[in-house]
Structure formats: C-alpha cells, structure tokens
Amino acid sequence: MENRRILSIIFGIAQSGIGILSGGVTVMLFFNFLEIQTVFNLPTEFMPIYLLVLGLFSLFSLINGFFLVREWWR
Amino acid sequence: MGDEKKQGLFRAVISGLGGAIGFEIFALLNYAYFDLAGPSVLSALFFCSIINLITMLSYSELSATLPEVGGEYTYTKVAFGGIISFMAGCLRWLASIFGGALAAVVFAQQLGVLFSVFAPPIQDLILANTSLLIILVVVILVILAIRGISEADIIIVGGFLAIFVIFLFTSIGYSLAPQNIVPQFSGDGLTKFFATTAYLFPMFVGMRALIASAPKIKNPGKNVPRALLITTILLTVVYFAVTYVAVGVVPIDTPRTASNPPLLNMAAFTILGPIGAVLFAIAGIFASLSSVGTAMSVQSSLLGGMSRDGYLPNALQKLHNRFGSRYIAIIVSSLFVIVFGTTGAAVFLGYAASFGSLLVFALVNLSLIKLRRKMPRLDRPFKAPLYPLTPIAGIIMSVLLLAFPIVLGDVNASGAFLSSLGMVAVVLLTYYLRMVKREIDFDRLRVAVGGICLGTGATLLVMSPSITPLSMFPIIVLVGMLTIIAGLLNIAASAHKPD
C-alpha cells in the first residue's frame with residue numbers, strides 16, 4: 001500500500017509535469033513564440049487540429065496527475 | 001431604495017443607449033460591408049433591429065415581472081432552474097468575454113488609426129505589438145474595475161451622439177446614393193444577407209444594460225418597456241443614418257490592406273479630412289475602453305451570481321476587503337479576455353459574441369413561454385403583445401441567424417460556432433463536476449480519466465514510429481509509457497477502494 005502511494009506521487013507529479021509542458025507547447029504554438037511553427041515545420045491548415053489534440057492531452061494529463069497526487073495527499 | 005432615488009424614463013433610455021452604442025459600429029461594419037452584404041448591409045441593420053425588438057418585448061415582460069438583478073440568468077432560473085439557467089449564465093458570460101476581447105482589438109486598431117494621422121511610425125509600432133497593447137489595456141482596466149471605478153455613461157453617450165451628428169451634418173453636401181441597398185436574392189445573396197444580420201447582432205444587444213438596471217428604475221413595469229422601444233427606435237435611426245453615409249462615401253471596391261482603418265474612420269476621413277479620422281478614432285478608443293470596462297462588470301456580476309447559487313466555486317463571489325468588488329471573478333474573466341483578445345481575430349470574435357447572444361435570446365424567449373404556462377397568475381405589469389407569436393418568432397429567428405453564416409461556408413462563422421459548441425461542452429462538464437458530490441461518482445470520473453490516459457499513452461506508443469522524428473522518438477516513448485502507467489494507477493486505485 002505504501003509502495004503504491006509512493007508510485008502514485010511519483011507518477012502523479014510526472015504526469016502533471018507532462019501536462020504543464022504540453023500546455024506550454026500548446027500556448028507557444030498558438031502564439032507562434034520563437035517561430036515554433038516553423039521550427040516544427042507544421043502545416044498551417046492543420047494547426048487547429050494540433051492545438052486541439054495537444055490541448056486535450058495537456059488537460060487530461062493534468063487531471064490524471066491531480067488525481068494521483070490527491071490520493072497521496074489524503 | 002425609495003422612489004425619489006430611482007431613475008426616470010430619460011435615464012433609462014440613456015442606460016440602454018449607453019449599453020448599445022459602442023465599439024461594435026467600428027468593429028463590425030467592415031466585414032459586413034466589404035465581404036458579406038455590400039450596401040445591403042443597411043437592410044441587414046434594419047432587419048437586425050426588428051429581430052432585436054421582438055426579443056426585447058420578451059425581455060420587457062420578464063424584466064417587468066421579475067425586476068431583479070441578474071437579467072437572463074434570473075429569468076431562466078425562475079423558469080427552468082438547473083442546467084438551463086447555468087447554461088444561460090455561462091453563455092451570457094461567454095458572449096461578454098468575446099465582446100470584451102473584440103473591444104480590446106478595436107482599441108488597438110483605433111489607437112493605430114489615431115497615430116496614423118500624427119505619427120505613422122508609432123502606428124507601425126502599435127500594429128506590430130497589438131497583443132501586448134491589448135494585455136496592457138485589459139490589465140489597467142482590471143485594476144480600475146477592482147477599485148470600483150465606474151464609467152460615466154451619460155457623458156459617453158452624449159459624446160458619441162455629438163460626433164455622429166457632426167458626421168451626418170457635414171455629409172449633407174455629398175451626393176450619397178448607395179446602390180443595391182435591397183439584398184439580391186439570387187445566388188447566395190439571401191444567405192449573405194442573413195449572415196450579415198447575424199454578424200451585426202452585437203450592435204443592438206448592449207441595450208440589455210437597460211434590463212440590468214431595471215431594479216433602479218422608477219415604475220419599471222411601464223418605463224422599462226417604453227425605454228426599450230424608444231432605445232430601439234433611436235438606435236436604428238442612428239445606425240442607419242451613419243451607415244448610409246459611410247456606405248455612400250466609401251466605394252465597396254476600395255483597395256484594402258491590413259492597416260486599413262475601419263469603415264467609419266475611412267468615411268470620416270473622406271468627409272472631414274484628418275480631423276474626422278482623429279475624431280472617430282478618439283470615439284472608437286473611448287467606446288472600446290467603455291465596453292471592456294462594462295464587460296468586466298457584467299462578467300464579475302454573472303460569475304458572482306452563479307457562485308452564490310452553488311454552480312461555481314465560492315471564491316468567485318468573494319469581495320475585495322477594501323474596494324468591495326468581486327476581484328477574483330474580475331481577474332478570472334479578464335484572463336479569458338486577454339487570451340481571446342490577443343488572437344486579433346476580429347471577425348471570429350464578432351461571430352462568437354453574436355452566437356452567444358443569439359443562444360441567450362432563444363433561452364430568454366423560451367423562458368417567457370415557460371413562465372406563462374408555469375405561473376399564469378403572476379403579476380405582469382407588461383405583457384409581450386401577440387403572444388405566443390413574438391417569443392416563437394424570436395426563437396426561430398435566433399436559430400436561423402445561427403445557421404445561415406455556417407450554411408454560407410464562412411470559415412470564421414464555422415470556427416466561432418465550433419468554439420461555441422466546445423464552450424458549451426465545457427459548461428456541461430463544469431456543471432457535472434460541480435454537482436458531483438458523492439464519492440462513488442468521483443471514482444467513476446477517476447476511472448474515466450485513467451482510461452483516457454491509458455488509451456492516449458497506448459496510441460502514442462503505437463503511432464510514434466510513424467509520426468515523430470527520430471530525435472524525438474525516445475521522449476515520446478517515455479511520455480507514452482508514463483501516461484499508460486499513470487492511467488493504470490488511477491484505474492487500480494478506484495478498483496481497490498473499499499465500498
């Protein structure tokens with residue numbers, strides 16, 4: 001049980017970190033900071049799809065990580 | 001509040017005009033004239049005012065019957081309650097967000113027009129840093145809103161009307177005869193006409209500010225419907241006259257670039273020269289600042305109301321210790337305004353604001369019908385004439401105006417509609433999460449999210465060889481495996497939970 005709690009907090013933090021990072025990339029893609037669209041060579045017509053997919057991935061990663069961290073917190 | 005402190009009919013009309021006359025006339029006419037309906041934008045404006053009037057009759061009855069703070073949210077809460085009232089409140093909030101974002105974009109545009117006369121290099125600087133400028137102005141207005149600084153609507157309305165009168169008076173010497181005012185019904189003419197009507201709708205919806213101030217109005221049962229009718233007539237006359245002049249002096253085939261000023265500014269420049277351009281730029285700046293400020297006030301009031309009723313977290317109704325404003329609600333709303341405002345996508349924001357308002361209008365008309373059936377003996381100082389034709393007509397027109405721009409294949413309209421649907425989905429999810437109290441439902445949510453992450457991680461692992469470059473492959477594999485394990489842990493935690 002204790003091992004599971006430790007695993008939960010580790011993977012919860014990692015998953016939340018992934019969520020935050022992918023959210024950050026989504027924002028950077030949206031605003032084209034540092035010409036990131038050119039760096040990744042992304043076609044403009046598919047940009048809404050990329051933003052949607054990345055945004056949803058970020059959201060669910062954050063929620064998933066939150067649940068794991070919450071379990072450790074309780 | 002005693003009667004002697006309440007506002008009379010004149011003040012009520014000013015309130016309606018102040019809410020309606022704003023940045024929209026600077027923001028929306030461009031696309032409507034040059035890209036959609038051409039000179040028949042005039043007919044679209046007139047049609048818009050008729051549709052608005054129909055729904056305002058429903059608003060009149062509801063505000064006279066339920067003269068409480070809250071507007072659409074209150075009406076739908078009394079009529080339906082539950083998810084419908086939450087949806088109405090959120091849609092109203094979203095429409096205000098998009099409207100506030102569009103106002104911020106217009107502010108930047110008008111500031112650019114102002115400097116184009118005095119200092120063109122500064123205009124280039126403004127155009128290159130529009131996003132930063134929008135963030136700056138919203139932050140300043142947030143601080144003012146938290147401190148409770150209110151706008152002087154009489155002065156602003158008076159100022160606008162004075163500028164428009166000067167504009168109309170000086171146009172008398174011009175031979176104005178815009179062609180094709182009546183829409184062409186061949187080809188896609190009819191669709192474009194209705195799309196234009198939908199797009200221009202935000203020009204009228206601001207008069208709802210009059211409804212919001214109904215509790216402060218003397219004898220609201222009589223004065224609010226009268227004020228609504230007078231405001232609608234005055235607005236229609238002003239908008240029609242100003243647009244008629246603008247369309248008459250600016251040919252539809254005027255070459256346009258990214259730095260072209262809005263239609264009204266071009267018309268003012270043609271008639272009055274640089275002074276006209278400056279005058280209208282100043283009017284546009286004041287209009288947009290006033291609109292962003294009003295939007296923040298409306299947004300915080302809506303969020304506070306929904307928070308008070310338990311739909312949203314309690315923090316949103318928290319008042320500032322010193323200024324007494326709902327500072328958390330103001331900050332949350334302003335973040336959304338900043339995100340959407342910095343896109344600079346004026347046409348998208350125009351449609352999005354319009355769609356939100358049209359959906360709210362449909363719900364208000366439905367609420368009128370529901371209340372007539374649910375509470376037939378309720379005291380109604382004013383009754384909408386020709387019931388049930390007026391609310392039914394209001395609902396049908398709202399739905400048609402939502403549909404036509406999408407039928408036209410307007411990319412901005414489709415994008416705005418899909419975004420609105422996405423927002424509705426988020427609203428529904430928020431309602432579900434907020435109303436979930438029992439632990440067992442929380443566990444189901446946890447299993448669902450865990451399952452989504454399991455599937456996402458598996459998809460990443462399977463697809464990574466074909467979609468990622470070689471350099472990113474190890475990172476994507478690691479992310480995929482982390483996501484799978486995290487998903488499994490959530491599913492397993494729920495399975496091991498004692499009953």
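**Considering the overall build of chain B**
Reasoning step 1: Helix and strand counts for chain B come out as 21 helices and zero strands.
Reasoning step 2: Buried residues in chain B amount to 51% of all 499 residues.
Reasoning step 3: When contacts within chain B are restricted to residue pairs at least 6 apart in sequence, those whose partners lie at least 24 apart make up 82%.

**So, the overall build of chain A**
Reasoning step 1: Scanning chain A for helices and strands turns up three helices and zero strands.
Reasoning step 2: When the helices and strands of chain A are listed from N to C terminus, the series reads α-α-α.
Reasoning step 3: Compactness check: chain A gives a C-alpha radius of gyration of 15 Å against a globular reference of 11 Å for 74 residues, more than 25% above the reference.
Reasoning step 4: Once the C-alpha set of chain A is aligned to its principal axes, its extents read approximately 50 × 20 × 15 Å.
Reasoning step 5: Counting over 74 residues, chain A shows a buried share of 23%.
Reasoning step 6: A sequence separation of at least 24 residues applies to 83% of the contacts in chain A between residues at least 6 apart.

**What about the interface of chain A and chain B?**
Reasoning step 1: Contact with chain A, which involves 16 residues of that partner, is made by 15 residues of chain B.
Reasoning step 2: Those elements giving two or more residues to the side of chain A that touches chain B turn out to be α1 (2–31) and α3 (47–73) of chain A.
Reasoning step 3: For the side of chain A that touches chain B, the class distribution of residues is nine nonpolar, six polar and one charged.

**Regarding the domain arrangement of chain B**
Reasoning step 1: Segmenting chain B into domains produces domain 1 (3–435) and domain 2 (440–495).
Reasoning step 2: Each of domain 1 of chain B and domain 2 of chain B has a C-alpha centre, and the two are 43 Å apart.

**Concerning the nonpolar core**
Reasoning step 1: By size, the foremost hydrophobic cluster in this structure holds 151 residues, and its most contacted members are Ala 32, Phe 98 and Ala 104 of chain B.
Reasoning step 2: With 21 residues, helix α6 (residues 82–118) of chain B is the single largest residue contributor to this core.
Reasoning step 3: Within the second largest apolar cluster, 16 residues are counted, among which are Ile 18 and Ile 63 of chain A together with Val 449 and Val 479 of chain B.

**Overview of helix α18 (residues 389–407) of chain B**
Reasoning step 1: End to end, α18 of chain B covers 26 Å across 19 residues, agreeing with the expected 27 Å (1.5 Å per residue, within 8%).
Reasoning step 2: Two residues or fewer after α18 of chain B comes Gly 409 of chain B, characterised by a positive phi angle close to 85 degrees.

**Examining the environment of Ala 353 of chain B**
Residues and elements named next belong to chain B.
Reasoning step 1: Mapping Ala 353 onto the fold places it in helix α17 (residues 346–374).
Reasoning step 2: Along the sequence, Ala 353 and Tyr 199 sit 154 residues apart, while their C-alpha atoms lie 8.8 Å from each other.
Reasoning step 3: If sequence neighbours within four positions are ignored, Ala 353 has contacts with Ala 95, Phe 98, Gly 99, Leu 102 and Pro 202.

**With respect to unusual backbone geometry**
Residue and element names in this part refer to chain B.
Reasoning step 1: With an omega of 5 degrees, the peptide bond running from Tyr 387 to Pro 388 counts as cis.
Reasoning step 2: For Pro 388, the location among the structural elements is in the loop between α17 and α18.
Reasoning step 3: Although it is not a glycine, Leu 386 sits at a positive phi angle of roughly 60 degrees.
Reasoning step 4: The exposure class of Leu 386 is exposed, given the 11 C-beta atoms found within 10 Å.

**Some details on the packing of helix α5 (residues 72–79) of chain B against α6 of chain B**
Residue and element names in this part refer to chain B.
Reasoning step 1: The geometry of α5 relative to α6 is characterised by a closest axis approach of 8 Å and an angle of 170 degrees between their N-to-C directions. It follows from the interaxial angle that α5 and α6 lie roughly antiparallel. Across from Glu 72, Tyr 73, Thr 76 and Lys 77 in α5, the residues of α6 making contact are Ile 84, Ser 85, Ala 88, Gly 89 and Arg 92.
Reasoning step 2: When grouped by side-chain class, the residues that make up the contact of α5 with α6 number three nonpolar, three polar and three charged.

**A few points about the packing of helix α10 (residues 189–200) of chain B against α18 of chain B**
Residues and elements named next belong to chain B.
Reasoning step 1: Orientation of α10 relative to α18, taken along the N-to-C sense of each, is 125 degrees, at an axis distance of 8 Å. Here α18 runs oblique to α10, going by the angle between their axes. Of the two elements, α10 crosses α18, and the hand of that crossing is left-handed. Residues Thr 191, Phe 194, Ala 195, Thr 197, Ala 198 and Tyr 199 of α10 form the contact with α18, whose participating residues are Leu 400, Leu 401, Leu 402, Phe 404, Pro 405 and Val 407.

**Remarks on the environment of Asp 188 of chain B**
Reasoning step 1: Relative to the elements of secondary structure, Asp 188 of chain B occurs in the loop between α9 (153–170) and α10.
Reasoning step 2: Separated by 10 residues in sequence, Asp 188 of chain B and Ala 198 of chain B have C-alpha atoms that sit 15 Å apart.

**Here we look at the environment of Ala 227 of chain B**
Residues and elements named next belong to chain B.
Reasoning step 1: Following the sequence through the fold, Ala 227 ends up in helix α13 (residues 220–249).
Reasoning step 2: Sequence-wise, Ala 227 and Arg 11 are 216 residues apart; in three dimensions their C-alpha atoms are separated by 9.0 Å.
Reasoning step 3: Those residues within four positions of Ala 227 in sequence are excluded, and the remaining contacts are Leu 9, Ala 12, Val 13, Gly 16 and Leu 210.

**Some thoughts on helix α16 (residues 327–341) of chain B**
Reasoning step 1: Between its terminal C-alpha atoms α16 of chain B stretches 20 Å, which fits the 21 Å expected from 15 residues at 1.5 Å a residue.
Reasoning step 2: Residues of α16 of chain B that are buried include every one of Tyr 327, Ile 328, Ala 329, Ile 330, Ser 333, Ser 334, Val 337, Ile 338, Phe 340 and Gly 341 of chain B, and no others.

**Structural notes on the confidence of the model for chain B**
Residue and element names in this part refer to chain B.
Reasoning step 1: Taken residue by residue, chain B gives an average pLDDT of 81. The fraction at 70 or more is 90%.
Reasoning step 2: Least confident of the elements in chain B is helix α7 (residues 120–128), whose mean pLDDT is 73; most confident is α17, at 88.
Reasoning step 3: Interface scoring of the predicted complex returns ipTM 0.87; its pTM is 0.75.

**Regarding the confidence of the model for chain A**
Reasoning step 1: Put simply, chain A has an average pLDDT of 81, and 96% of its residues get 70 or more.
Reasoning step 2: Mean pLDDT in chain A bottoms out at helix α2 (residues 36–39) of chain A, which sits at 75, and peaks at α1 of chain A, which reaches 86.

What counts and how
Residues numbered from 1 in each chain as written. Chains lettered and ligands numbered in written order. Predicted model: local features only at pLDDT ≥ 70, side-chain atom pairs only at ≥ 80, totals over all residues. Helix = DSSP H or I, 4+ residues; strand = E, 2+ residues; numbered from the N terminus. Buried ≥ 20, exposed ≤ 12 C-beta atoms within 10 Å, placed from the backbone. Contact = placed C-beta atoms within 7 Å. Rg over C-alpha atoms; globule rule 2.2 N^0.38 Å. Nonpolar A, V, L, I, M, F, W, Y, C, P; charged D, E, K, R; others polar. Domains from an automatic or database assignment. Core = buried A, V, L, I, M, F, W, Y, C linked by C-beta atoms within 7 Å. Expected span 1.5 Å × (residues − 1). Axes fitted to C-alpha atoms, helices over the stretch in contact; angles between N-to-C directions. Parallel < 35°, antiparallel > 145°, perpendicular 65-115°, else oblique. Left-handed = near helix turned anticlockwise from the far one by under 90°. pLDDT = per-residue confidence, 0-100.

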